[in-house]
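Survey of secondary and tertiary structure
Here is what each chain is made of, one letter per residue.
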Amino acid sequence: EHLPSVLSRLWPNHADHSSSSSSSSGEQLFTREQLALYVGGKPPAKQQIYVAILGQVFDVSKAPHFYSPGEGYGHFAGTDGSKSFITGDFAGDITDDVSSLDAESCLALVGWLDFYHKTYTYKGKLIGRFYDAEGAPTAALESVHTRAQAGKAVRAAREAEEANWPSCNSKWTQDEGGSVWCDGGLYPRKLFVEMKAGRASWRCACFKELGWSDVRKVYVDCDPDAHLCRTNAEAEAADEERDVPAELQAMLAN
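We now turn to the structure provided with this report. For clarity, every value in this text was computed on a predicted model and none was experimentally measured.

1. Quick notes on the state of the cysteines
All told, the structure shown has three disulfides when counted by the stated rule. Across the disulfide from Cys168 sits Cys204; the S-S distance is 2.0 Å. Around the S-S axis, the bridge from Cys168 to Cys204 shows a dihedral of about -80 degrees and counts as left-handed. In this pair, Cys168 is assigned in the loop between helix H6 (139-164) and strand S5 (169-173) and Cys204 in strand S8 (residues 199-207), connecting sequence segments 36 residues apart. A disulfide bridge connects Cys182 with Cys206, and the sulfur atoms are separated by 2.1 Å. Looking down the S-S bond of the Cys182 and Cys206 bridge, the torsion is -90 degrees, so its handedness is left-handed. Pair noted here: Cys182 is in the loop between strand S6 (177-181) and strand S7 (187-196) and Cys206 is in strand S8, with a separation of 24 residues, a long-range link. For Cys182, a relative accessible area of 6% corresponds to the buried category. Numbered in order of appearance, the disulfide-bonded cysteines of the chain are paired 1-3, 2-4, 5-6.

Below you can see the structure in the form of structure tokens.
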């Protein structure tokens, strides 16, 4: 599905007149306290199970094996845990504060929203971080929308890069440790990807050319013309802890 149509779901116009609290378009509006009742429990809790993502509320009652208390996704019931859809933290800080997520993470979060629209019944909006008391989008939601659009461009650029420099094969065993290799006579290199939280991140990529540089490194203790490299996690981590070289700093500045 094209991103514009997915992002349009951030401003749905489905009507639900079952609540005395509704937006100007007729959508049901929930406070956090009201949503917290929809956990599939006994009174005063509601029998239905509702989950919110990016401020949109869905009835997931048809999947109690996922969302009932004690089940794998039961912590999402009756709340908006948008951030955990990306971080995978299901037991710690269940929050809808996604301000720290990068562009691709926001794109992935919008993908989760699309999944819920396709899979479950949309019920309305949650008043709070993403929608105001009138059901209108907030600046926080606009920020997610903007970052998701940027994430589309980042993903396209990465996919184009991976088409030119495909990822290495990799394997790890208890007896032999780790290894990376390239088929077809290509050479494995540790390729700079981006800076995250002040640190460089890398991936293993296969190159036709034998050359190397500060942004296309030969693996530690591996011959430059080798097609298979044994990897040493401790040595590679130490290599990545070194200061970002001047060449890389200049590239990032531009």
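Here the narrative resumes, following the displayed structure.
2. Let's talk about the layout of surface pockets
Take a probe with the size of a water molecule and roll it over the atoms, and the empty space left behind shows itself. As a volume, the largest pocket reaches approximately 260 Å³. Along its surface, the largest pocket is lined by twelve residues, and Arg158, Glu161, Phe192, Val193 and Glu194 are the ones closest to its centre. Within the residue set of the lining of the largest pocket, elements represented by two or more residues are H6 and S7.

About the criteria used
Numbers given for residues are sequential positions, taken from 1 along each chain in its written order. For a predicted model such as this one, the threshold for reporting local features is a pLDDT of at least 70, and the threshold for listing and counting side-chain atom pairs is 80 or more; totals across whole chains, interfaces and linings nevertheless cover every residue. Hydrogens are left out, water is left out, and the side-chain values use all remaining heavy atoms of the structure. Two cysteine sulfur atoms make up a disulfide if the distance between them is within 2.5 Å. For the purposes of this entry, the term helix denotes a DSSP run of H or I that reaches at least four residues, the term strand denotes a run of E that reaches at least two, and both are numbered from the N terminus. Throughout, exposure labels follow a simple rule: accessible area from a 1.4 Å probe, protein chains only, divided by the maximum for the residue type, with under 20% read as buried, over 50% as exposed, and the rest as partly exposed. Only protein atoms enter the 1 Å grid used here, on which a cavity is any set of points holding a 1.4 Å probe that cannot leave and a pocket is any open set flanked by protein within 12 Å on both sides along at least five of seven lines; residues with an atom within 4 Å of a point are listed as lining. Grid points are joined across faces, edges and corners, and a volume is the space filled by probe spheres set on the points.

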